[in-house]
Amino acid sequence: MFISPAFAQGAPAAGGGTDMLIQLAPFVLIFVVMYFLILRPQQKKAKAHQEMVNGVRRGDVIVTNGGLVGKVVKVIDDAELEMQIADNVKVRQLRSQIAIVRTKGEPAKDETAA
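Residues numbered from 1 in each chain as written. Predicted model: local features only at pLDDT ≥ 70, side-chain atom pairs only at ≥ 80, totals over all residues. Heavy atoms only, no water.

### A closer look at the overall build of the protein chain
Note the threshold: Starting at the N terminus, helices and strands are each numbered in turn, a helix being any DSSP run of H or I of at least four residues and a strand any DSSP run of E of at least two. The buried label applies to any residue whose accessible area, calculated with a 1.4 Å probe on protein chains only, is under 20% of its type's maximum; exposed applies above 50%, and partly exposed to all values in between. Every residue pair with non-hydrogen atoms within 4.5 Å of one another is taken to be in contact. Method for areas: the Shrake-Rupley scheme with a 1.4 Å probe, in which residue coverage is limited to the protein chains shown.
Counting secondary structure elements, the protein chain contains 2 helices and 5 strands. Reading the protein chain from its N end, one meets helices and strands in the order α-α-β-β-β-β-β. Going through the 114 residues of the protein chain one by one, you find that 14% of them count as buried. Across the protein chain, every contact between residues at least 6 apart in sequence was considered, and the portion connecting residues at least 24 apart equals 40%. When the accessible surface of the protein chain is split by element, carbon and sulfur atoms take 62% of a total near 9,200 Å².

Following this line, the structure appears as structure tokens:
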């Protein structure tokens, strides 16, 4: 009634390609903003945490995700270490469950200089 039938049929098919790009532009912009504000900092934090966990040595004081505070007594392998949480109380701990390395301990001993 207020709109003529010719106007209501829409744009011709030849101009549809640019309209599609204009419609997708906000989604692309949102993805780029989310990448730089959320994903990239999260990846950097995960990488820093992995480097911290890989650098744990004997004598370091660590805090686990469960809240235990202890001193690293022995590094068992790439996935586990042994920590002392009290006198004569030692537990095995997964490296992936380390939250914080509080203080650095003694440097690793060089076996080749014996």
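Alright, that's what it looks like, and here's the rest.
### Quick word on the pairing of strand β4 (residues 89–94)
Rules: When DSSP locates at least two bridges between a pair of strands, those strands are taken to pair.
The sheet contact formed by strand β3 (residues 80–86) and β4 spans 6 bridges and is antiparallel. Paired with M83 across the two strands is V91, which belongs to β4. Hairpin connection, β3 to β4: the antiparallel pair is bridged by 2 residues, and N88 has positive phi, about 60°.

### What to know about the pattern of salt bridges
Spelled out, the test is: Put simply, a salt bridge is a Lys or Arg side-chain nitrogen that is within 4 Å of an Asp or Glu carboxyl oxygen.
For the structure on display, the rule yields 1 salt bridge. Between R92 and E80 there is a salt bridge, with its nearest N and O atoms 3.2 Å apart. Of this pair, R92 sits in strand β4 while E80 sits in strand β3, and the two are 12 residues apart along the sequence. Note on R92: relative accessible area 55%, which makes it exposed.

### Side note on the packing of aromatic side chains
Let me state the cut-off plainly: Each Phe, Tyr or Trp ring (for Trp, its six-membered ring) is paired with any other whose centre lies within 6.5 Å, and the angle between the two planes then decides the class: stacked below 30 degrees, edge-to-face above 60, tilted in between.
Applying the stated criterion across every chain yields a total of 1 aromatic pair. Ring plane angle 80° and centroid distance 5.2 Å describe the contact between Y35 and F36, whose orientation is recorded as edge-to-face. Since its relative accessible area comes to 31%, Y35 is described here as partly exposed.

### Observations concerning the nonpolar core
Just so we agree on the cut-off: Throughout, nonpolar core names a set of buried Ala, Val, Leu, Ile, Met, Phe, Trp, Tyr and Cys residues whose side chains join them through atoms within 4.5 Å.
Grouped together as the largest cluster of nonpolar side chains are 8 residues: V53, V56, I62, V72, L81, M83, I98 and V101. For this core, the secondary structure elements donating two or more residues are β3 and β5 (98–103).

### So, unusual backbone geometry
For N88, which is not a glycine, the phi torsion comes out positive at approximately 60°. Position of N88 relative to the elements: it lies in the loop between β3 and β4.

### Some remarks on the UniProt feature "transmembrane region" (unreviewed entry) in the protein chain
Quick reminder of the rule: UniProt positions are given in the numbering used here, feature names are shortened, and annotations may be inferred rather than shown by experiment.
Under the UniProt annotation, the feature "transmembrane region" (unreviewed entry) is placed at residues 20–39. Structurally, residues 20–39 comprises 100% helix and 0% strand, and the distance from its first C-alpha atom to its last is 27 Å.

### A short note on the side chain of Q93
Relative to the elements of secondary structure, Q93 occurs in strand β4. Ignoring anything within four residues of it in the chain, the contact list for Q93 reads T64, A79, E80, L81 and M83.

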